[in-house]
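The primary structure of each chain is shown beneath.
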Amino acid sequence: MMLQFHNFAKAYGVQPVLQIEKLALPSGIHWIQGDNGTGKSTLLKALAGLIHFKGTVLLDGDIDLKKQPLAYRKRVNFAESEAAFPLFLNGQDMIKLFMKAKNATQEQLWALINGFGMSDYLTQPLSSYSAGMLKKLSLVLAFLGKPSLLLLDEPFITLDQQAIEQLAHWIKERHEQQQINFILTSHQAIPSNVPIDYTFKLINQGLTPLNSAYGIR
Ligand SMILES: Nc1ncnc2c1ncn2[C@@H]1O[C@H](COP(=O)(O)OP(=O)(O)OP(=O)(O)O)[C@@H](O)[C@H]1O
């Protein structure tokens, strides 16, 4: 199993947001839907190891997020919906940091940079980036290395059409050729060439499956 939840619970103060008693997500590309404020970003942040939660999350059957945080975070990459970068740095600074942390190759980096057409502005300070340029950077950082699972929170928002198509292609290709699993959130329809395996909706603090078979949206 790609991801297993046991007695998973997240609250902000006394306000419960997520409660997933027992759930196992198989390998694949997962699309999580949900109305505003239902907890999609909270779920992805918890799964990325960025915020505290109660209970257990197990990756690939044996890596416990809480007990083996380094091994877990080496395998799970995350692109936030709106990433908050230190604005005095430039794109290249962030890339250098992540390349080292994620053991990425130069070849992999160039393919990502060229695919998104970013080479012209990587040396400019992040304070000068548009929303779409910041989005592209956070996606490139998330694709670096060899993750087992990629968490992408609203990955298509603010991207131009060409970048949307490029991202859809990468998701499909990485999944088919490198067996990388994905959890995506999106309010908009996901491009039809992305082969979504499972769709869930966050309702009443839990994940309700909207389909039970492969290939059906
Ligand atoms: N840092 C925080 N402190 C307190 N409450 C928070 C915090 N972050 C989120 N919440 C609350 O948790 C709930 C879930 O928020 P979250 O951002 O996860 O929703 P979402 O499903 O991603 O929403 P959207 O579709 O609008 O992006 C909301 O009620 C929100 O007010």
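Residue positions are given per chain, counted from 1 along the sequence in the order it is written. Selection of residues for local features in this predicted model requires a pLDDT of at least 70, selection of side-chain atom pairs for listing and counting requires 80 or more, and totals for whole chains, interfaces and linings are taken over all residues.

Bringing the site of the ligand into the picture now. As a rule, any residue with its backbone-derived C-beta atom within 6 Å of a molecule or strand is reported as near that molecule or strand. Taken together, the residues surrounding the ligand are Tyr12, Val17, Gly34, Asn36, Gly37, Thr38, Gly39, Lys40, Ser41 and Thr42. Numbering goes from the N terminus for both helices and strands, where a helix is a DSSP run of H or I of at least four residues and a strand is a run of E of at least two. Broken down by element, the residue count for the shell around the ligand peaks at three residues, all from helix H1 (residues 40-47). Only Asp, Glu, Lys and Arg are considered charged, only Ala, Val, Leu, Ile, Met, Phe, Trp, Tyr, Cys and Pro nonpolar, and every remaining residue, Gly among them, polar. In the shell around the ligand, the residues fall into two nonpolar, seven polar and one charged.

Here the phi dihedral of glutamate 154 falls at roughly 45 degrees; this positive angle occurs in a residue that is not glycine. One can find glutamate 154 in the loop between strand E7 (149-153) and helix H6 (161-178). When the 19 C-beta atoms within 10 Å are taken as the criterion, glutamate 154 is described as partly exposed. For every residue, the other C-beta atoms within 10 Å of its own C-beta are counted; 20 or more classify it as buried, 12 or fewer as exposed, and values in between as partly exposed. C-beta atoms are placed from the backbone.

It is worth spelling out the environment of leucine 70 at this point. For leucine 70, the position within the fold is in helix H2 (residues 69-75). Leucine 70 gets classed as exposed once you count the C-beta atoms within 10 Å, which come to 9. For the pair formed by leucine 70 and glycine 49, sequence separation is 21 residues and the distance between their alpha carbons is 9.8 Å.

In this description, strands pair whenever DSSP reports at least two bridges between them. The sheet built from four strands is open, its strands ordered E2-E1-E4-E5 with antiparallel pairing. Two strands bound the open sheet, and with one partner strand each, they are strand E2 (15-25) and strand E5 (63-64). Sheet topology places strand E4 (residues 54-59) next to E5; two bridges connect them, and they run antiparallel. Pairing of leucine 59 across the sheet is with isoleucine 63, part of E5. Strands strand E1 (3-12), E2 and E4 of the sheet are contacted by H1, whose axis makes an angle of about 60 degrees with E2. Contact between residues is assigned whenever the C-beta positions, reconstructed from backbone atoms, fall within 7 Å. Comment: axis = line fitted to C-alpha atoms, over the contacting stretch for helices; angle = value between 0 and 180 degrees taken between N-to-C directions.

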